[in-house]
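Below, each chain spelled out in residue letters.
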Amino acid sequence: MGTTHPLRVQKKFFTFGDLRDGMVLDCGARLGPVTIAYETLGNLRAERNNALLILHACTGDSHVAGVYDDADERPGWWDAMVGPGKPIDTRRYFVICSNILGSCMGSTGPSSINPATGKPYGLDFPMVTIRDMVRAQRRLLEHLGIPRLLAAIGGSVGGMQVLQWCATYPELVKAAIPLATTTRHSAQAIAFNEVARQAIMADPLWRGGDYYQGEKPGLGLALARMIGHVTYLSDESMREKFGRRLLNEGGCFSFDFAGDFQVESYLRYQGKKFVERFDANSLLYITKAGDYFDLAPENGGLDNPAISGIRFLVISFTSDWLYPTYQSRELVSALKKRGCDVSFCEIEARWGHDAFLLPNARLGDIIRGFLDGLETEE
Amino acid sequence: METTAQQYGYATRRDTGSPEVSKDAAGTSRYQLMRFDLRVIASWIRPGCRVLDLGCGNGDLLDHLRKSKAVHGTGIELDEKKAAACIARGLSVLQGDINTEVRDYPTDSFDYVILSQTLQQVRDPETLLTHLLTVGRRVIVSFPNFSHWRNRLQLLFLGRAPVSRQLPYEWYDTPNIRVITLTDFKRFLHRIHVTIVRQAAINTHHHDEEGNIIRWGAGWRATYGILLIEKRGSDDRGAGSKEPAAAALSQKGN
């Protein structure tokens, strides 16, 4: 990043509830106190009508764009999309991004201290759902004094949160942009999540989730990430990025298992890098929340009549095989039947599920124009 | 032009002149670049109503209707690039196939459904039109008139399947699987119990961006036909209760 990034952000924390009056979760358990890590960009207008809530994906965090300080070399995960003059223009909108409940990037999760024991929760942490995450975000918005969102925007598990916002608090959302997402996981998506969870739980260092005093279950977590990462790419992008290229420049096989192919080394690197920043138990909880999520229209998931007042922009990507386009089309069909104003585009992209995170002029133009249209129609 | 017609943005009562070209409030230059048939269609649409535009392209018609008539519009467009361009203009547009996308809308979701220059590519026009007349109170259809004199002469004297500006394809590469004439289409509407509320036959030139409305000999002279239709026996609630009489332009010279 050589030159200094123009956008400075700060991670903040909001805590609510205590042991007795904490959040009641979908599983029936009570959780408190609850801390939510969040970052904001731009300024809230006096009319309080320019707030955008950005919802991050499975292993993301509140650091959506900008840098923390001069030494910070990596800007936020959606820096190409969010910032001054960018499609989600922080000169115009007040952008909020919070870390999800159950995560390990500042919000309360299984690695947080359980006030009842003084030790990390581990598996004593209650199961959280996508709806629980959204309810916690609602508390944050109340705290920030935001009566209604101009739009909720998110991809993947973030897109599920967008849909959950629409289902639970339709009157608080003017518009919604669910990207590369689904109303519920397919058996295939659950299967990949289960393999990832089993990889973690099979690591002897996992110790039933109680590993915070000792060494982390790094091998299991790295393996889980490698599996996940494959589902985020596509056949085409992997062929283009790696093909069958070897690490060894001479083009000879090693005839052992140290790793010959570039794709092997790439996945190992991704796994290793992930272990440094993410908690294994959090991955278990969040993947489970994704698997439980179900707003399928046939189960009445989108039946709140107030949903018809929301403007939708649904986007899928051609090479996304984790949440394929047919799932977005089912969502669009259900929204049309409910009288929603809905736009839909299947963007041509080779990069698989990850495409929504990568710089993409078409995606940027669509989001910019859609947001622009929300304000001009007022 | 009559004042009331201009006020409502209609073409004149008897459709004798151009639609309100000079009266366009917003984006005049863009409006003048809009296809002539779309300008006629726009002039038929009442302000503030709900419109579904099938095969909306880059969204010129929807954008014009939104700006000049406060129309609440939705478009359906198959092409990713065009659909994306529409959404980037702030229009509500769905990327998809019209035959499947129109199915999900509740009855009477729209005051008008527009099918412009697409009918000739539809595999099952009866099913589609019947469905459009369910999701919309009225449907506006425009299509290239195959019985234009140039087409007739090509077939008569050259013995060749007609190729024209409106139908610029050879038999082996044409997407147009239906050969439609004004007469045929009206017979078809009669057969499927659909009423013509209003119609215009137009002659276009200069890449179809300019043209005039034809008053006689439409079957020979029209490059396009445009018809506003509704289900026979529709009660006249809302949509076009003040439409000029359908008979104003009956085609007798076919």
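Undergrad: Explain the overall build of chain A to me, using residue names and the numbers behind them.
TA: A count of helices and strands for chain A gives nine helices and 14 strands. Since a compact globule built from 378 residues should have a radius of gyration of about 21 Å, the 21 Å found for chain A is in line with a globular shape. Oriented by its inertia axes, the alpha-carbon framework of chain A measures out at about 65 × 50 × 50 Å. Here chain A, with 378 residues, has 51% of them falling under the buried criterion. When contacts within chain A are restricted to residue pairs at least 6 apart in sequence, long-range pairs at least 24 apart make up 72% of them.

Undergrad: Just give me the short version of the overall build of chain B, but keep the residues and values in it.
TA: If you tally the helices and strands in chain B, you get ten helices and eight strands. Looking at chain B as a whole, 45% of its 254 residues are labelled buried. Here the contacts in chain B between residues at least 6 apart in sequence split such that 65% fall between residues at least 24 apart.

Undergrad: I'd like to hear about the domain arrangement of chain A, residue by residue, with values.
TA: Residue and element names in this part refer to chain A. By the assigned domains, chain A splits into domain 1 (12-186 + 294-376) and domain 2 (190-286). The C-alpha centroid of domain 2 is placed 26 Å from the C-alpha centroid of domain 1. Taken together, the contacts link 25 residues of domain 1 with 18 residues of domain 2. Within the side of domain 1 that touches domain 2, the residues separate by chemical class into 13 nonpolar, ten polar and two charged.

Undergrad: Kindly report on the packing of helix α3 (residues 36-44) of chain B against helix α4 (residues 60-69) of chain B, identifying the contributing residues and their values.
TA: Residues and elements named next belong to chain B. Put simply, α3 and α4 touch, their axes get as near as 10 Å, and they point 35° apart. Handedness of the crossing formed by α3 with α4: right-handed. On α4, the residues touching Leu-38, Ile-41 and Ala-42 of α3 are Asp-60, Leu-61, His-64 and Leu-65. For the contact of α3 with α4, the class distribution of residues is five nonpolar, one polar and one charged.

Undergrad: So what's going on with the interface of chain B and chain A? Residues and values would help.
TA: The interface is formed by 14 residues belonging to chain B together with 23 residues belonging to chain A. Elements with a minimum of two residues in the side of chain B that touches chain A: α5 (80-88) and β3 (92-95) of chain B. The greatest single-element share of the side of chain B that touches chain A, amounting to five residues, is contributed by α5(B). Considered class by class, the residues forming the side of chain B that touches chain A number eight nonpolar, three polar and three charged.

Undergrad: Tell me about the packing of helix α3 (residues 187-201) of chain A against helix α7 (residues 280-292) of chain A, and name the residues and values.
TA: All names here are of chain A. Close contact between α3 and α7 brings their axes to 10 Å; oriented N to C, the two are set at 160°. Our classification of the angle between α3 and α7 gives roughly antiparallel. For the pair α3 and α7, the sense of crossing is left-handed. On α7, the residues touching Ile-190, Asn-193, Ala-196, Arg-197 and Ile-200 of α3 are Ala-280, Leu-283, Leu-284, Thr-287, Gly-290 and Asp-291.

Undergrad: Outline the nonpolar core, listing residues and values.
TA: Counting residues in hydrophobic clusters, the biggest one holds 169 residues, and the most contacted among them are A:Leu52, A:Val95, A:Ala176 and B:Ile87. The element that contributes the greatest number of residues to this core is helix α2 (residues 157-168) of chain A, accounting for seven residues. Not counting residues within four places of it along the chain, the set of residues in contact with A:Val95 comprises A:Thr40, A:Leu41, A:Gly42, A:Leu52, A:Ile54, A:Val64, A:Val82, A:Ile88 and A:Thr90.

Undergrad: Provide a residue-level description of the pairing of strand β5 (residues 51-55) of chain A, including the pertinent values.
TA: Residues and elements named next belong to chain A. A large share of β5 lies buried, amounting to five of its five residues. Sheet topology note: the β5/strand β8 (residues 94-98) ladder contains five bridges and is parallel. Its bridge partner lying in β8, Leu-52 is registered against Val-95. Pairing between β5 and strand β11 (residues 149-155): four bridges, direction parallel. Its bridge partner being in β11, Leu-52 is matched across the sheet by Ala-151.

Undergrad: Pulling in residues and values, what's your account of the environment of A:Arg148?
TA: Residue and element names in this part refer to chain A. Its place among the elements puts Arg-148 in the loop between α1 (130-144) and β11. With 100 residues separating them in the primary sequence, Arg-148 and Arg-48 have C-alpha atoms 7.9 Å apart. Among residues more than four places away in sequence, those in contact with Arg-148 are Leu-172 and Lys-174.

Undergrad: Which residues make up unusual backbone geometry, and what values do they have?
TA: Residue and element names in this part refer to chain A. Going from Gly-32 to Pro-33, the amide bond is cis rather than trans, its omega being -5°. Among the secondary structure elements, Pro-33 is positioned in the loop between β3 (30-31) and β4 (34-41). Located in the positive-phi region is Ser-156, a residue other than glycine, with phi close to 60°. Position of Ser-156 relative to the elements: it lies in the loop between β11 and α2.

Undergrad: Break down the pairing of strand β2 (residues 72-77) of chain B for me, with residues and values.
TA: All names here are of chain B. The element β2 is extensively covered by neighbouring structure, given that five of its six residues are classed as buried. In terms of strand pairing, strand β1 (residues 50-54) meets β2 through five bridges, oriented parallel. Following the sheet pairing, Leu-54 is matched in β2 by Ile-76. For the segment spanning β1, α4 and β2, crossover handedness is right-handed. The pairing of β2 with β3 spans four bridges and is classified as parallel. Paired with Thr-74 across the bridge in β3 is Ser-92. On the question of chirality, the crossover connecting β2 to the parallel β3 by way of α5 is right-handed.

Undergrad: Go over α7(A), please, and point to the residues and values.
TA: Owing to its 3.6 residues per turn, the α-helix aligns residues three or four sequence positions apart on the same side. Residue and element names in this part refer to chain A. Taking 1.5 Å per residue, 13 residues should reach 18 Å; α7 reaches 19 Å between its end C-alpha atoms and fits that length. Counted residue by residue, α7 has ten buried out of 13 residues, so it is predominantly covered. Taken together, the buried residues of α7 touch α1, α2, α3 and α4 (218-232).

Undergrad: Hey, could you go over α4(A) for me, with residue numbers and the actual values?
TA: Residue and element names in this part refer to chain A. Taking 1.5 Å per residue as the helical rise, α4 with its 15 residues ought to reach 21 Å, and the 21 Å between its terminal C-alpha atoms agrees with that figure. Taken as a whole, α4 has its buried residues at Gly-220, Leu-221, Ala-222, Leu-223, Ala-224, Arg-225, Met-226, Gly-228, Thr-231 and Tyr-232. If you follow the buried residues of α4, they end up packed against α3, α6 (262-277) and α7.

Undergrad: Can you break down the environment of B:Arg123 residue by residue, with the values?
TA: Mapped onto the elements of the fold, B:Arg123 is located in the loop between β4 (110-116) and α7 (125-135). Residue class for B:Arg123 comes out exposed when judged on the 9 C-beta atoms lying within 10 Å of it.

Cut-offs and rules
- Residues numbered from 1 in each chain as written.
- Chains lettered and ligands numbered in written order.
- Predicted model: local features only at pLDDT ≥ 70, side-chain atom pairs only at ≥ 80, totals over all residues.
- Helix = DSSP H or I, 4+ residues; strand = E, 2+ residues; numbered from the N terminus.
- Rg over C-alpha atoms; globule rule 2.2 N^0.38 Å.
- Buried ≥ 20, exposed ≤ 12 C-beta atoms within 10 Å, placed from the backbone.
- Contact = placed C-beta atoms within 7 Å.
- Domains from an automatic or database assignment.
- Nonpolar A, V, L, I, M, F, W, Y, C, P; charged D, E, K, R; others polar.
- Axes fitted to C-alpha atoms, helices over the stretch in contact; angles between N-to-C directions.
- Left-handed = near helix turned anticlockwise from the far one by under 90°.
- Parallel < 35°, antiparallel > 145°, perpendicular 65-115°, else oblique.
- Core = buried A, V, L, I, M, F, W, Y, C linked by C-beta atoms within 7 Å.
- Pairing = 2+ DSSP bridges.
- Right-handed = clockwise from strand over helix to strand, strands pointing away.
- Expected span 1.5 Å × (residues − 1).

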